[in-house]
Amino acid sequence: MSLIINGAEYELASPPLTSLLNVLREEVGLLSPKAGCQQGGCGTCTVLIDGEPRRACLTPLGAIEGAAITTVEGLGDPRNLSPVQAAFHEHYAAQCGFCTPGMMMAATGLLARRPDATRDDVLEALAGHFCRCTGYVKIVDAVLSAAAGRVDTTRPEPEAEPGEPSVVIPGSPA
Amino acid sequence: MAKHRGRGFSAIEYPTGMNQGGDPSQAWIKMKPDGRVDVFAGTVDIGQGSKTVHTQIVADTLGVPYDWVTMDNSNTDSSPLCTGTFASRGTFIGGNAVAVAAERVRERLLEIAARELEIDPSDLEVSDGEVRAKGAPDRKLGVGDVAAAATWTHGELITGSGAWMKPYSAPDPDTGECDPHAAISYAACVADVEVDDETGEVRVLKLIQVYDVGHAINPTLVEGQIEGGAMMGLGLGLLEATYPYYPALDHRGDQFGSYLAPSTKDLPEFDNVILEYPSSEGPFGAKAIGEMANNAQPAAICSAIYDAVGVWVTECPATPERVLRALERRSEPRREGKRIVFDEDLSVRSVSATGGEGFLAVDG
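These remarks concern the structure in this document.

Calculation notes
- Residues numbered from 1 in each chain as written.
- Chains lettered and ligands numbered in written order.
- Predicted model: local features only at pLDDT ≥ 70, side-chain atom pairs only at ≥ 80, totals over all residues.
- Heavy atoms only, no water.
- Helix = DSSP H or I, 4+ residues; strand = E, 2+ residues; numbered from the N terminus.
- Buried < 20%, exposed > 50% of the residue type's maximum accessible area, 1.4 Å probe, protein only.
- Contact = heavy atoms within 4.5 Å.
- Areas by Shrake-Rupley, 256 points an atom, 1.4 Å probe, with all protein chains shown as cover.
- Axes fitted to C-alpha atoms, helices over the stretch in contact; angles between N-to-C directions.
- Left-handed = near helix turned anticlockwise from the far one by under 90°.
- Nonpolar A, V, L, I, M, F, W, Y, C, P; charged D, E, K, R; others polar.
- Salt bridge = Lys/Arg side-chain N within 4 Å of Asp/Glu carboxyl O.
- Buried area = accessible area lost by both parts, 1.4 Å probe.
- Polar contact = N/O pair within 3.5 Å; in protein donor to acceptor, adjacent residues only side chain to side chain.
- Pairing = 2+ DSSP bridges.
- Core = buried A, V, L, I, M, F, W, Y, C linked by side-chain atoms within 4.5 Å.
- Phe/Tyr/Trp six-rings, centres within 6.5 Å; stacked < 30°, edge-to-face > 60°.
- Lys NZ or Arg CZ within 6 Å of the ring centre and 35° of its normal.
- Parallel < 35°, antiparallel > 145°, perpendicular 65-115°, else oblique.

Notes on the overall build of chain B
And then number 1: A tally of regular secondary structure across chain B gives six helices and 14 strands.
And then number 2: Counting over 364 residues, chain B shows a buried share of 49%.
And then number 3: The contacts in chain B between residues at least 6 apart in sequence include a share of 69% that link residues at least 24 apart.
And then number 4: Accessible area of chain B: about 17400 Å², with a carbon and sulfur share of 50%.

Let's talk about the packing of helix H3 (residues 100-113) of chain A against helix H5 (residues 137-147) of chain A
In a packed pair of helices, the relevant descriptors are the angle between the two axes and the axis-to-axis distance.
Residues and elements named next belong to chain A.
And then number 1: It is at 11 Å that the axes of H3 and H5 come closest, and there the two elements cross at 30°. Where H3 crosses over H5, the handedness of that crossing is right-handed. Contact residues: Met103, Ala107, Leu110 and Leu111 in H3; Ile139, Val143, Ala146 and Ala147 in H5.
And then number 2: Partitioning the contact of H3 with H5 into residue classes produces eight nonpolar, no polar and no charged.

Concerning the pattern of salt bridges
All names here are of chain B.
And then number 1: Tallying each qualifying case throughout the model produces 22 salt bridges over all chains.
And then number 2: Close ionic contact of Glu130 with Lys140 constitutes a salt bridge, the shortest N to O distance being 3.8 Å. In this pair, Glu130 is assigned in strand S6 (residues 130-133) and Lys140 in strand S7 (residues 136-142), connecting sequence segments 10 residues apart.
And then number 3: By relative accessible area, which is 24% here, Glu130 ends up partly exposed.
And then number 4: With a shortest N-O distance of 3.3 Å, Asp179 and Lys166 are connected by a salt bridge. With Asp179 in the loop between strand S8 (159-164) and strand S9 (181-196) and Lys166 in the loop between S8 and S9, this pair connects stretches of sequence that are 13 residues apart.
And then number 5: According to the relative accessible area criterion, Lys166 is buried, its value standing at 7%.
And then number 6: Beyond isolated ion pairs, a larger network of salt bridges with shared partners links Arg108, Glu111, Arg115 and Glu156.

Comments concerning the interface of chain A and chain B
Interface size is often expressed as the accessible area that is lost when the parts come together.
And then number 1: Contacts between the two partners involve 28 residues from chain A, matched on the other side by 32 residues from chain B.
And then number 2: Taking both partners together, chain A and chain B bury about 2600 Å²; carbon and sulfur atoms supply 62% of that area.
And then number 3: The interface formed by chain A and chain B contains 10 residue pairs in polar contact (both at pLDDT 80 or more).
And then number 4: In terms of residue class, the side of chain A that touches chain B is built from 17 nonpolar, seven polar and four charged.

What about the pairing of strand S1 (residues 2-5) of chain A?
Consecutive side chains along a regular strand alternate between the two faces of the sheet.
All names here are of chain A.
And then number 1: Relative to strand S2 (residues 8-11), S1 runs antiparallel, the two being bridged by four bridges. From the neighbouring strand, Ile5 faces S2, where its bridge partner is Ala8.
And then number 2: Adjacent in sequence and paired antiparallel, S1 and S2 are bridged by two residues, among which Asn6 carries a positive phi angle near 50°.
And then number 3: Taken together, the two bridges between S1 and strand S5 (residues 68-70) define a ladder with parallel strand orientation. By the bridge assignment, Ile5 is partnered in S5 with Ile69.

Some remarks on the nonpolar core
And then number 1: Phe88 of chain A together with Val193 and Ile305 of chain B are the most contacted members of the largest nonpolar core, which totals 68 residues.
And then number 2: Apart from residues no more than four positions distant in its own chain, Phe88 of chain A is found in contact with Ala93, Thr100, Met103, Met104, Ile139, Ala142 and Val143 of chain A.

A short note on the sheet that holds S6 of chain B
Residue and element names in this part refer to chain B.
And then number 1: An order of S5-S6-S7 is seen for the three strands of this open sheet, with the pairing classed as antiparallel. Looking at which strands have only one partner, the edges of the open sheet turn out to be strand S5 (124-127) and S7. On average, each strand axis in the sheet is inclined to that of its neighbour by 30°, with strand direction left out of account.
And then number 2: Each of S5, S6 and S7 touches helix H2 (residues 90-117); the most contacted strand, S5, lies at about 120° to it.

What about the environment of Ser280 of chain B?
And then number 1: Along the chain, the position of Ser280 of chain B falls in the loop between strand S11 (269-275) and helix H5 (296-309).
And then number 2: Along the backbone, Ser280 of chain B and Gly214 of chain B are 66 residues apart, and their C-alpha atoms lie at a distance of 9.1 Å.

Focus: the packing of aromatic side chains
Residue and element names in this part refer to chain B.
And then number 1: The final tally for this structure, using the stated rule, is four aromatic pairs over all chains.
And then number 2: Pairing Phe92 with Trp164 gives two aromatic rings, centres 5.5 Å apart and planes at 90°, and the pair type is edge-to-face. You can see Phe92 sitting in helix H2 and its partner Trp164 sitting in strand S8, a full 72 residues away along the chain.
And then number 3: Measuring from centroid to centroid gives 4.3 Å for Tyr306 and Trp312, while their planes differ by 10°, and the two rings are stacked.
And then number 4: The cationic tip of Arg89 hangs over the ring face of Phe86; the distance from NZ or CZ to the ring centre is 5.4 Å.

Thoughts on the sheet that holds S5 of chain A
All names here are of chain A.
And then number 1: Taken together, five strands build an open sheet; the order of strands is S2-S1-S5-S3-S4 and the sheet is mixed. In this open sheet, the two edge strands, each paired with only one partner strand, are S2 and strand S4 (52-55). Taken pair by pair, the neighbouring strands of this sheet meet at an average axis angle of 40°, ignoring direction.
And then number 2: With respect to the sheet, H3 is in contact with strand S3 (46-49), S4 and S5, its orientation differing from that of S3 by roughly 35°.

Thoughts on the packing of H2 of chain B against helix H3 (residues 143-153) of chain B
Residue and element names in this part refer to chain B.
And then number 1: Packing of H2 against H3 brings their axes to within 9 Å, and their N-to-C directions diverge by 80°. Classified by the interaxial angle, the pair formed by H2 and H3 is roughly perpendicular. For the pair H2 and H3, contact is made by Leu109, Ile112, Ala113 and Glu116 and by Val143, Val146, Ala149, Ala150 and Thr153, respectively.
And then number 2: Classifying every residue of the contact of H2 with H3 by side-chain character gives seven nonpolar, one polar and one charged.

Digging into unusual backbone geometry
And then number 1: Here the residue pair Cys316 of chain B and Pro317 of chain B is connected by a cis peptide bond, since its omega of 0° sits within 30 degrees of zero.
And then number 2: Secondary-structure assignment places Pro317 of chain B in the loop between H5 and helix H6 (320-330).
And then number 3: With a phi close to 50°, Asp50 of chain A is a non-glycine residue in the positive phi region.
And then number 4: Relative to the elements of secondary structure, Asp50 of chain A occurs in the loop between S3 and S4.

Distances and angles like these do not, on their own, reveal function.
Below you can see the structure in the form of structure tokens.
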């Protein structure tokens, strides 16, 4: 079995009835899709399969031979966030963060399909994703601002490298 | 058969720093030789943002930029003890602990700076990462320089530890009088609902919520608590029930979906108001927000249901079944061979089995 995961091709050893969620987490080592209810109810395992948001926990590997999978790891990196990631960051749209990967993938799928998504579109697209911390308000705000292109995806300030203090140590012998 | 709108409100108070004699948080802070600050505290951030808030408290107390402060609460072995993240005590008790520790670090910092600048510590102040002489802002030294001097010149470590706990107040044996808690937050919630008297379904249209949190150290995070708590409260008011015959396991749901929780489709319009009447005990006057954020909504929703259809649902959640049963109890009892019909004003009309019609009662 093979899959294209975040742009790279993988040959997989998992049996065909293994759920995509287990393949991603256990075999490939991508931990952003979360194992929540594992019954298709909570939405936090959502990934994009050929661009469509799908529940990874309910998708057997055998059904998607050769498909292109996108997870949060494929959206952006800390210095170059995707619009949805940047919007979540800007709007404080995550609290505990467990639902966040699924929310982000559903939002990314929605905006790819409908770049000018309305509030009702967003409420509909996220209706199957449970969040118990935020009350959804800031998540919906974030997705709407990403839809309106009101986010800055660049992160100009690089983070300090470990072991290399950003402040020069005055007076030190080093 | 119609949809009825109603408005209800509730008001609550919520205590923090309770009088239980043994609810401490502790913190330890050290300064690196370059002025950056490491905070070790046991308070666990479960997403509510205590790490952010504690970082702000330490940065403000010490007078250094936010970015210089790192919270380490990675494990309970290396961090001092915190009783836990519960009872809305993270900002109030945990925040007080890091504030006390930061205050001591500040004293140590000024002590070292005093030696370097040859000025008495009481004549120094620290802000924006610089130690300055009061009234002579040109006499200054960067916090990083002071930390370096402590390390390389004086061979000392700038550090401080702190803890906070409400002192136990013994109740008077005759009157029960005592000092029960260190601070009280207040809140009020107005709920606008729509009740369908045919299906019993209730929708919350709008929640206006006012919270007195003493001082909102991070207003966006406070708003996150208000909104998140509101949706939990909406769930408690309308959807979320333990299974029937709890705690017996009969009829327990075995699917994720058999426990109903609010989704984006239940999202009402929100109007959040934060009031700031500071507490004398909390860090920078802060009180609590955490748990109280889901207390007011169920009562406000049930009052709004009464306003809409004139019946009290006295058990939460106000499920469609409970709303319909309340409406039925309000009407004349069902009689053999007769059908009871509710009209829009909830007056009651009976229709006999033979088709004849006669009013039993009109209940305004």
